[in-house]
Amino acid sequence: MSESSLMVRNLNVAYGESKVLFDVSFDVAPNQIVCCVGRNGAGKTTLLKSVAGFLKPLSGEVTAGGDNLLGRRPYDVARMGIKYVPQDKKVFSDLTVRENLELGSYATKDYNWDTVFEFFPKLKILIDRKAGFLSGGERQMLMIGRATLGKPRVMLIDEPTEGLAPSIVTHLKQVFGELSKSAALVIVEQNLPLVCSIAHKVYAMRDGRIAAELQGGALKPADCEPYL
Ligand SMILES: Nc1ncnc2c1ncn2[C@@H]1O[C@H](COP(=O)(O)OP(=O)(O)O)[C@@H](O)[C@H]1O
Ligand SMILES: [Mg+2]
């Protein structure tokens, strides 16, 4: 079997005294789209933040293509090609789209924005607009577009379609399909029809544990519903 793009083994994470993740293990193969579903508070964001280096797990193993990620700082994890797109659509509001992309380029040394504009032509039109004046969908485009700089091997995307119009959801779905040609994707997502149409594999989380692993393909929303 080929090496996993991302492998998590027996990850345990706590906020202070309060333990939130319990022996979480999962695998993402190259070019795979893995979706993570579960109720609010199940631990999905905590899982992504732990992989991305924002939280310090109590124990466990996290590797990408065999490289250890555990104990590394967020900046180093990102530099290793593991990009995290957080749930709160935080861009630099006072900076323009161009300046936001420049920051991404500066961090990755990737100054080619062709792919960004291929995925999101609208960003080219909005290039001089301050990010604070973008709609939710446009901001999500900017965040995902910026994260594609540096040609990441893994993208961790937290609830990308939350609160977005159906047309933007359809657009993002196409983008995820394209992105998976060059990266492995882990997407936390509550939109079950979307999950079922893009996921090669679904992990359902409940109370900080992986409650089920479901194979994609013929998956139906009803298969995931018990975990929401
Ligand atoms: N910064 C924090 N400090 C303490 N507890 C937190 C913090 N962030 C999240 N939690 C708790 O951890 C659990 C998992 O939260 P989270 O990972 O955000 O879940 P999800 O993304 O699945 O909604 C919840 O019980 C939440 O209250
Ligand atoms: Mg969350």
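Whatever comes next refers back to the structure up there.
It should be emphasised that the depicted structure is a prediction, and the values quoted were computed from it without experimental measurement.

> Run through the coordination of the magnesium ion (ligand 2), naming residues and quoting values.
Six octahedral donors at a metal ideally form angles of 90 or 180 degrees, and four tetrahedral donors ideally form angles of 109.5 degrees. On the protein side, the magnesium ion (ligand 2) has T45 (OG1) and Q87 (OE1) as donor atoms, found 2.0 to 2.5 Å from it. You can see T45 sitting in helix α1 (residues 44-51) and its partner Q87 sitting in the loop between β6 (82-85) and α3 (97-108), a full 42 residues away along the chain. With relative accessibility at 24%, the residue Q87 sits in the partly exposed group.

> Explain unusual backbone geometry to me, and be specific about the residues and the numbers.
The residue K109 is not glycine, and still its phi comes out positive at about 65 degrees. Along the chain, the position of K109 falls in the loop between α3 and α4 (114-119). Residue class for K109 comes out exposed when judged on its relative accessible area of 56%. Backbone geometry at D207 places phi at a positive 45 degrees, although glycine is not the residue there. As for its placement among the helices and strands, D207 is situated in the loop between β9 (201-206) and β10 (209-215).

> Give me the lowdown on the site of ligand 1, citing residues and values where you can.
Taken together, Y15, V20, R39, N40, G41, A42, G43, K44, T45 and T46 make up the full set of residues near ligand 1. For ligand 1, an oxygen atom lies 3.2 Å from a polar atom in the backbone of A42. Separating an oxygen atom of ligand 1 from a backbone N or O atom of G43 is a distance of 2.9 Å. Out of a free accessible area of 560 Å², ligand 1 has 56% covered by protein chains.

> Pulling in residues and values, what's your account of the pattern of salt bridges?
The full count for this structure, using the stated rule, is eight salt bridges. As a salt-bridge pair, D27 and R9 come within 2.9 Å of each other at their nearest N and O atoms. Here D27 is found in strand β2 (residues 18-28), whereas its partner R9 is found in strand β1 (residues 6-15), with 18 residues between them in sequence. Note that R79 and D76 form a salt bridge whose closest N and O atoms lie 3.2 Å from each other. Pair noted here: R79 and D76 are both in helix α2 (residues 74-79), with a separation of three residues, about one helical turn.

> Describe the packing of helix α6 (residues 136-147) against helix α7 (residues 166-179), listing the residues and the values that go with them.
Across the interface, α6 lies against α7 with an axial gap of 11 Å and an inter-helix angle of 10 degrees. Here α7 runs roughly parallel to α6, going by the angle between their axes. Of the residues in α7, those touching α6 at G137, Q140, M141 and I144 are I168, H171, L172, F176 and L179.

> So, the pairing of β1: which residues are in play, and what are the values?
Put simply, side chains in a regular strand alternate between the two faces of the sheet. Burial runs high along β1: seven of the ten residues are buried. Sheet topology note: the β1/β2 ladder contains seven bridges and is antiparallel. Paired with V8 across the strands is F26, a residue of β2. Hairpin remark: β1 followed by β2, antiparallel, with two residues in the connecting loop; positive phi at G16, about 60 degrees. Taken together, the four bridges between β1 and strand β4 (residues 59-64) define a ladder with antiparallel strand orientation. Note on β4: the bridge partner recorded for M7 is T63.

> I'd like to hear about the side chain of D27, residue by residue, with values.
Here the side chain of D27 touches S4 through a polar contact of 3.2 Å, side chain to side chain. Only 2.9 Å separates the side chain of D27 from the side chain of R9, close enough to count as a polar contact. Leave out the neighbours within four places in its chain, and D27 touches S4, L6, M7, R9, Q32, V34, K201 and Y203.

> Outline the nonpolar core, listing residues and values.
The biggest cluster of nonpolar side chains holds 48 residues, and the ones touching the most others in it are F176 and V202. With six residues, the single largest contributor to this core is α7. With residues near it in sequence (within four places) discarded, F176 still touches I33, I144, I157, P160, L185, I187 and I198. Membership of the second largest hydrophobic core comes to 30 residues, among which are L11, L47, V77 and L156.

> So what's going on with α1? Residues and values would help.
The element α1 is extensively covered by neighbouring structure, given that six of its eight residues are classed as buried. One or two steps after α1, the chain reaches G53, where phi turns positive at roughly 95 degrees.

Criteria and cut-off values
Residues numbered from 1 in each chain as written. Chains lettered and ligands numbered in written order. Predicted model: local features only at pLDDT ≥ 70, side-chain atom pairs only at ≥ 80, totals over all residues. Heavy atoms only, no water. Donors = N, O, S within 2.8 Å, 3.2 Å for Na, K, Ca; no water. Helix = DSSP H or I, 4+ residues; strand = E, 2+ residues; numbered from the N terminus. Buried < 20%, exposed > 50% of the residue type's maximum accessible area, 1.4 Å probe, protein only. Near = heavy atom within 4 Å. Polar contact = N/O pair within 3.5 Å; in protein donor to acceptor, adjacent residues only side chain to side chain. Areas by Shrake-Rupley, 256 points an atom, 1.4 Å probe, with all protein chains shown as cover. Salt bridge = Lys/Arg side-chain N within 4 Å of Asp/Glu carboxyl O. Axes fitted to C-alpha atoms, helices over the stretch in contact; angles between N-to-C directions. Parallel < 35°, antiparallel > 145°, perpendicular 65-115°, else oblique. Contact = heavy atoms within 4.5 Å. Pairing = 2+ DSSP bridges. Core = buried A, V, L, I, M, F, W, Y, C linked by side-chain atoms within 4.5 Å.

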